[in-house]
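# Structural overview
These are the residues of each chain, in order.
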Amino acid sequence: MSACAPTRHDRASRGTPRPSLRRPPRLRPRIPAADVSASITVFLIAVPMALGLSLAVGAPLEAGLVAAAVGGIVAGLFGGAPLQVSGPSAGLTVVTAELIQIYGWRTTCAITIGAGLLQILLGTLRVARNALAVSPAIVHGTLAGIGVAIALAQLHIMLGGSPQSSVVANALALPGQLAVIGGAAPLIGALTIAVVLLWPRLPGRVGRTARRIPAALASVVIATAVAAVAAPGLARVDLPSWRSHAFPELPHGPVLALATAVFTVMLVAGLESLLAAVAVDRLAADRAGEPVKPSSPTSGSATAVPPQRSDPDRELRGQGVANTLSGLLGGLPVAGGVVRGAANVRAGATGRASSVLHGVWVFLAAALLVTVFEWIPLAALAALVMVVGVQMVSFAHIRNVHKHREFPVYAATVAGVIGFGALAGVALGVAVAGVVSLRRLGRTKITVSEQDGRHVVTVHGQLTFLSVPRLTRALGQLPPGADATVELDGSFMDHAAYEAIRAWRGAQIAQGGSVAFTGRSGGSIALAGRSDGGVALTGRSGSVAAPTVAAAHSCCRPWTPWRNHHCHDRPTRPTHTTSTTSAISTTSLTETVISTPGSAPDTARPESAHRLRSGLTSFQRNTAPLVRDELARLASEGQSPSQLFITCADSRLVTSMITASGPGDLFTVRNVGNLVPPPHALPTDSPPTGTPPTDAPATPTAPATGDDSVAAAIEYAVEVLRVESITVCGHSGCGAMQALLRGEPEAGPDRPRTPLWRWLRHGMPSLERMASRRHSWARISGRLPADEVEQLCLTNVVQQLEHLRAHEAVARRLAEGTLQLHGMYFHVGEAQAYLLTEGAGSGAGHDEVFDRVGTEGPEPAAARPTTCTTAHPTTCTTG
């Protein structure tokens, strides 16, 4: 027995044992109240829809109730979409109506059984996800075509007539039907449509209460009540006795035609069910506030995916079982529906119990409410189904496919469904989609021009076998042996195009010419990292290397967005919301650290080595081939930067990005606080001005002079590299400035000054400058500094420029007029740069205003005079 488990003796020693509080196991599963409520809501929608769809296809009216009951119970139990509600499908209306006209009702039931068995087989083979690869334009076009067919057929019934055998016939017969319109049927139909459309828009408290009743049920009830009073002789629902209910028979007819019918029912029902499951998943995820992500069998997080995740293969098998049973019982084909599923989700359903209960309610209603159903006017059901058909033509879908340039596919599918049927419409849509794709692949623009004596062939688009004739014609226009550049502006080249380019290049080089391949920007293409820097255009049969074109500084391309730029795997670091900027902790001299939000200074990160190696590997694979030529030139010629850039060591400052510079452009010095010690700084252990000396013994290894590392870099940049300008760049949220504002912790014999604070003493003049009334406040034109931290960051830039002028080499170059000084401030959160006005940067004055740098350059400061009534920045006003 485990040592953690108490024995009888242990319990007795503690006193009288308490009776067990464990309840006996439940024999029946507990059904959530939300599922019961949602099932009633869906039931009230499903019953009139089932009767209306039966009427629309010309099947016995009870067949729709059978399909609704079987779809709810069987597909709800065995399907893979817990919140989806299955039943008779509007998308199958045209297909079923055509099958009934050709083969009769009983053979149609047998076809439904065959379609169900085929769905079970495909679900077992796990091919359901492949069905979702069909172009959305084809799916939406199929539903829209079926919707048009439904609307035209039901319009005839609502007007008091009878629908024709095809969509085209219904459209041609409509003018004659409108000419003889009369009676109460059109009025009852119009009333039904009005209630369906206006019921969800009822205003006020009464409207909120009324909207709890589904619009479909409300429209049918109101129309039935009005018809009972105003038109008692109107045609109504006729439910025959269940004893005369028709069951399937063995199919008879051509085998190929029957197989096509089975495949059509399976395809339309399966696609509609799977797409409806995806839509219901999205609705459930929106309700739960969670994103919809692809299912992952290895996911171990309970919050990574929505709780109600659909399994497409299981859903297809469940739909197959439901269709098989519905056909055996004489019901309509079954499919999942967005209308019922959306109503189920909005009603608060939590699981498959809602769908199953909805089927139970339909079964009970079919058995006990036959008399009630027979009061419903046929015109009301026809109007209700007509509204459903019209809503299947979604203008949002039309705009979406038009935006993606797939409207021809959509239009061809709609026309095919209306003119030839659902399966023919789908086939036509697939054919048009293929033609459109081939046209896009073949629509490649090839131009030939001459620039500086060199022929340039520009290729816009993908290079496939369809564009090879035009490509060879364009290449043939170039003189033999001429120097040429081929600019490839595309992402794909097939084998035929590759072979054509390789053959032409070989002939051109053999005749004394040269060929270079570049991308859209003019830089050389380096698809394979060759050691000689050449371009490798790799095809199935080999590769061909072309000499590269030196493209250093030939163009200026912006940095690509680097959100989530660490592509390699890395653990997620915790995020603390108590701080938003870097901070220097000064709680004690022995615990002085530089920390960032979410970091753990005292914890070694085991993943750091992996991250470093992954980053280096990524550089060697992706970036090194692109910069190898430029770095080789710099290695042979030596560096000649034009600027010395002094900035903070903060990891959020990417100097080459914010200055749009590359290798060899900047000579960069980074330190904590972007400080420039004056040339005659105090020894490192000397206390700053105004600070009483401590009794701490001097460190034996401490130098007797100030810090020389920054001064050495300045001297080397000014005297040896002969830079043309020096920039001191501060930034927002600087941890060094925050530490200076908090002040140095008390020092003593037991707490000597740390290296960090021995360095930060060079920032004390900036703090004194901000507190002095002899100096004007550094300001940002257009707005006031956000707080004292930002004010000190700005003042520190101006103060370090004064320190910079005190260096002998800098002063001499300034006097010669061959060197310029610049002050810069970068706001990290806004990704905005500010430049100090020329007065302060050149030594001509102390106009300490930082101008915002726009897309066209810094804004002029003269147009915005800034005055301060006191030394406090909050009283500064900007004109």
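I will try to describe carefully the structure that is included in this document. Quick caveat, the model's predicted, so the values are computed rather than measured. (Residues numbered from 1 in each chain as written. Predicted model: local features only at pLDDT ≥ 70, side-chain atom pairs only at ≥ 80, totals over all residues. Heavy atoms only, no water.)

### A word on the overall build of the protein chain
For the protein chain, the helix and strand inventory stands at 31 helices and 20 strands. Relative to its full complement of 879 residues, the protein chain shows a buried share of 44%. Residue pairs at least 24 apart in sequence account for 74% of intrachain contacts in the protein chain once pairs closer than 6 positions are excluded. (Helix = DSSP H or I, 4+ residues; strand = E, 2+ residues; numbered from the N terminus. Buried < 20%, exposed > 50% of the residue type's maximum accessible area, 1.4 Å probe, protein only. Contact = heavy atoms within 4.5 Å.)

### Brief notes about a positive patch on the surface
Residues R405, R439, R440 and R443 make up a contiguous surface patch of positive charge. You can see R405 is positioned in the loop between α18 (395-403) and α19 (407-420). A residue is classified by how much of its surface remains accessible, and R405, at 52% relative accessible area, is exposed. (Patch = residues over 30% accessible without salt bridge, like charges linked within 9 Å, V, L, I, M, F, W, Y side chains within 5 Å. Areas by Shrake-Rupley, 256 points an atom, 1.4 Å probe, with all protein chains shown as cover. Salt bridge = Lys/Arg side-chain N within 4 Å of Asp/Glu carboxyl O. Lys, Arg positive; Asp, Glu negative; His and termini not counted. Charge placed at Lys NZ, Arg CZ, Asp CG, Glu CD.)

### Focus: unusual backbone geometry
With phi around 60°, R405 is a residue other than glycine that occupies positive phi space. Although it is not a glycine, A660 sits at a positive phi angle of roughly 50°. Here A660 shows up in the loop between α24 (655-658) and β12 (666-671).

### Topic: the sheet that holds strand β4 (residues 454-460)
Pairing is mixed in the open sheet, where four strands are placed in the order β3-β4-β5-β6. In this open sheet, the two strands that pair with only one neighbour each are β3 (445-451) and β6 (515-518). Neighbour-to-neighbour, the strand axes of the sheet open up by a mean angle of 20°, direction not taken into account. As judged from the four bridges shared by strand β5 (residues 484-489) and β6, these two strands associate in the parallel manner. Note that in β6 the partner of E487 across the bridge is T518. Sheet strands in contact with helix α21 (residues 468-476) are β3 and β4, and its direction is about 10° off that of β3. Docked against the sheet, helix α22 (residues 495-510) engages β5 and β6, running at close to 145° with respect to β6. (Pairing = 2+ DSSP bridges. Axes fitted to C-alpha atoms, helices over the stretch in contact; angles between N-to-C directions.)

### A word on the pairing of strand β16 (residues 832-836)
A regular strand places its side chains on the two faces of the sheet in alternate fashion. Burial analysis of β16 places four of its five residues in the buried class, the great majority of the element. When strand β15 (residues 820-827) meets β16, the two strands line up antiparallel, connected through four bridges. Within the sheet, the bridge partner assigned to M824 lies in β16 and is L835. When β16 meets strand β17 (residues 849-854), the two strands line up antiparallel, connected through three bridges. Within the sheet, the bridge partner assigned to L835 lies in β17 and is D851.

### A word on the nonpolar core
Residues V47, L51, L65, M158, V362, F373 and I376 are the most contacted members of the largest nonpolar core, which totals 48 residues. Looking at this core, the elements with two or more residues in it are α2 (33-57), α3 (61-78), α7 (136-158), α8 (167-179), α9 (185-198), α11 (215-230), α15 (353-368) and α17 (378-391). Broken down by element, this core gets its largest block of residues, nine residues, from α2. When sequence neighbours within four positions are dropped, the list of residues in contact with I376 reads L51, V220, T224, R236, V237 and L381. V676, L740, L756 and L836 belong to the second largest nonpolar core, which has 47 residues in total. (Core = buried A, V, L, I, M, F, W, Y, C linked by side-chain atoms within 4.5 Å.)

### A short note on the pairing of β4
Along β4, five of the seven residues are buried, which leaves the element largely enclosed by surrounding structure. Of the pairings in the sheet, the one linking β3 to β4 comprises seven bridges and is antiparallel in character. When the bridges of β4 are listed, S449 appears paired with V456. Bridge count between β4 and β5: six bridges; the pairing is parallel.

### Things to note about helix α29 (residues 788-805)
For α29, with 18 residues, the first-to-last C-alpha span of 26 Å sits near the 26 Å given by 1.5 Å per residue. With 15 of 18 residues buried, α29 is to be regarded as a mostly interior element. Two or three places before V789, at the start of α29, stands the capping residue D787, its side-chain oxygen 3.2 Å from that residue's backbone nitrogen. (Expected span 1.5 Å × (residues − 1). Polar contact = N/O pair within 3.5 Å; in protein donor to acceptor, adjacent residues only side chain to side chain.)

### What about the pattern of salt bridges?
The full count for this structure, using the stated rule, is eight salt bridges. D313 serves as the salt-bridge partner of R126, at 3.8 Å between the closest nitrogen and oxygen. A residue pair is termed long-range when its members are at least 10 positions apart, and R126 in the loop between α5 (105-124) and α6 (128-131) and D313 in helix α13 (residues 312-328) qualify at 187 residues. Overall, D313 belongs to the buried group, its relative accessible area being 4%. Notably, a salt bridge pairs R652 with D650, separated by 2.9 Å at the nearest N-O pair. When its relative accessible area of 29% is taken as the criterion, R652 is described as partly exposed.

### Some remarks on the packing of α2 against α3
In contact at an axis separation of 7 Å, α2 and α3 are set at 135° when each is read in the N-to-C sense. Judged on the interaxial angle alone, α3 and α2 are oblique. With respect to the hand of their crossing, α2 and α3 are arranged in right-handed fashion. On α3, the residues that touch V47, A50, L51, S54 and L55 of α2 are L61, A63, G64, L65 and A68. Partitioning the contact of α2 with α3 into residue classes produces eight nonpolar, two polar and no charged. (Parallel < 35°, antiparallel > 145°, perpendicular 65-115°, else oblique. Left-handed = near helix turned anticlockwise from the far one by under 90°. Nonpolar A, V, L, I, M, F, W, Y, C, P; charged D, E, K, R; others polar.)

### Description of the side chain of Q154
Mapped onto the elements, Q154 comes out in helix α7. Accessibility expressed as a relative area gives 1% for Q154, which makes it buried. Ignoring sequence-local partners within four residues, the contact set of Q154 consists of A56, A382, V385 and M386.

### Let's talk about the environment of Q639
Topologically, Q639 is positioned in the loop between α23 (608-637) and β11 (643-648). On the basis of relative accessibility, which here comes to 44%, the residue Q639 falls in the partly exposed class. Distance in space between the C-alpha atoms of Q639 and G664 is 5.8 Å, their sequence separation being 25 residues. Ignoring any residue separated from it by four or fewer positions in sequence, one finds Q639 in contact with L634, F667, Y716 and L721.

### Comments concerning the packing of α3 against α13
Here α3 crosses α13 at 145°, and the two axes come no closer than 8 Å. Regarding α3 and α13, the two cross each other, and that crossing is right-handed. Residue-level contacts link A67, V70, G71, V74, A75, L77 and F78 of α3 to R314, G318, Q319, V321, A322, L325 and S326 of α13. Partitioned by chemical class, the residues of the contact of α3 with α13 number nine nonpolar, four polar and one charged.

### Things to note about the environment of P200
Counting through the fold element by element, P200 comes out in the loop between α9 and α10 (204-210). Given a relative accessible area of 45%, P200 falls into the partly exposed group. Excluding residues that lie within four positions of it along the chain, P200 makes contacts with V195, R211 and A215.

### Quick look at a nonpolar patch on the surface
On the surface, F363, L364, L368, L369 and V372 cluster together into a nonpolar patch covering about 490 Å² of accessible area. Top element by residues in the nonpolar patch is α15. It accounts for three residues. Its location among the elements puts L364 in helix α15.

### A look at α11
For α11, spanning 16 residues, the distance from its first C-alpha to its last is 22 Å, which sits close to the expected 22 Å at 1.5 Å a residue. Taken together, the buried residues of α11 touch α2, α9 and α17.

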